[in-house]
Amino acid sequence: MNVTSIISDDIAELIGIIVGDGCISTTKRYKELAILGDITEEKDYYDNWVVPLINKEVFVPLCKAEIKAKPYPKMSVYGIMSFNNTVVDFLLSLGLNAGPKTNHGMPLCIKNACAEKQKRFLRGLFDTDGSIFFEKNYSIRANVHKKAKIKLESTSKELISGCIEICKNLG
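Residues numbered from 1 in each chain as written. Predicted model: local features only at pLDDT ≥ 70, side-chain atom pairs only at ≥ 80, totals over all residues. Heavy atoms only, no water.

### Looking at the overall build of the protein
A count of helices and strands for the protein gives seven helices and six strands. Going from the N terminus to the C terminus, the protein shows its helices and strands as α-α-β-β-α-β-β-α-α-α-β-β-α. Over its C-alpha trace the protein gives a radius of gyration of 17 Å, about what one expects of a compact globule, namely 16 Å for 171 residues. Counting only C-alpha atoms, the protein reaches 60 × 40 × 25 Å along its principal axes. Evaluated residue by residue, the protein yields a buried proportion of 39% over its 171 residues. (Helix = DSSP H or I, 4+ residues; strand = E, 2+ residues; numbered from the N terminus. Rg over C-alpha atoms; globule rule 2.2 N^0.38 Å. Buried < 20%, exposed > 50% of the residue type's maximum accessible area, 1.4 Å probe, protein only.)

See the structure below:
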């Protein structure tokens, strides 16, 4: 079965969130999913958006249970960590990769998805690894920050190339 056809718009956004703030680790002994953000600045985002989304789309359907976010003060992060094999296997089946993000590219289920799913993926990715800011426009004499900039950072050149391609295709 084609994974692209079965993922919902919410799952597409969740994939973006995981690609941005998440990490999947697999060893012979365990499988782990961690989705973690800044302990002070992102608590509301996790409590009001990420956790309800992952519970609705992943944990409740697959595990019949919810997960809760919590602080991890030693790492200065807030979010979720799960060692549930079923959840990790599901995410891997969607094309997410385990291990360092350096070589991770655009998940195929997003690359081949419809425009709406690609937009939702970008929303999740930009919510976690993107920023919008204003800088001075040096072409005029005004001393105000009015020049809008959108920035996305990633250690994966392949992922950035995939995002550029999606943005171009979306216009």
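### Re the packing of helix 2 (residues 9–21) against helix 6 (residues 115–129)
Two numbers describe how helix 2 lies on helix 6: the axes approach to 7 Å, and their chain directions differ by 30 degrees. Looking at the two axes, helix 2 sits roughly parallel to helix 6. The way helix 2 lies across helix 6 gives a crossing that is right-handed. Judged by residue contacts, Asp9, Asp10, Ala12, Glu13, Ile15, Gly16, Ile17, Val19, Gly20 and Asp21 of helix 2 engage Glu116, Lys117, Arg120, Phe121, Arg123, Gly124, Leu125, Asp127, Thr128 and Asp129 from helix 6. Considering only residue class, the contact of helix 2 with helix 6 consists of six nonpolar, four polar and 10 charged. (Axes fitted to C-alpha atoms, helices over the stretch in contact; angles between N-to-C directions. Parallel < 35°, antiparallel > 145°, perpendicular 65-115°, else oblique. Left-handed = near helix turned anticlockwise from the far one by under 90°. Contact = heavy atoms within 4.5 Å. Nonpolar A, V, L, I, M, F, W, Y, C, P; charged D, E, K, R; others polar.)

### Considering helix 7 (residues 157–170)
Helix length check: helix 7 (14 residues) gives 20 Å between terminal C-alpha atoms against 20 Å at 1.5 Å per residue, within 8%. Within the sequence span of helix 7, burial applies to Leu159, Gly162, Cys163 and Ile166. Burial along helix 7 is one-sided: seen end-on, the buried residues are contained in an arc of 100 degrees. When the buried face of helix 7 is taken as reference, the exposed residues oriented beyond 90 degrees from it are Lys157 and Lys168. Turning to helix 7, the residues buried within the fold contact helix 2, helix 5 (108–111), helix 6 and strand 6 (145–152). (Expected span 1.5 Å × (residues − 1). Arc of directions from axis to C-beta.)

### Examining unusual backbone geometry
Its identity is not glycine, yet Lys64 carries a phi of approximately 55 degrees, on the positive side. Relative to the helices and strands, Lys64 resides in the loop between helix 3 (43–63) and strand 3 (70–72). According to the relative accessible area criterion, Lys64 is exposed, its value standing at 69%. The phi dihedral of Ser76 falls on the positive side, at around 60 degrees, and the residue is not glycine. As for its position among the elements, Ser76 is in the loop between strand 3 and strand 4 (77–82).

### Topic: the packing of helix 3 against helix 4 (residues 85–93)
As a packed pair, helix 3 and helix 4 sit with axes 10 Å apart at the nearest point and diverge in direction by 130 degrees. When the axis of helix 3 is compared with that of helix 4, the two are oblique. The handedness of the crossing between helix 3 and helix 4 comes out as right-handed. Judged by residue contacts, Val58, Phe59, Leu62 and Cys63 of helix 3 engage Thr86, Val87 and Phe90 from helix 4.

### Focus: the pairing of strand 1 (residues 22–26)
Where strand 1 and strand 2 (residues 31–38) come together, five bridges link them in antiparallel fashion. Among the inter-strand pairings, Ser25 is bridged to a residue of strand 2, identified as Glu32. In sequence, strand 1 turns back onto strand 2 through a hairpin of four residues. (Pairing = 2+ DSSP bridges.)

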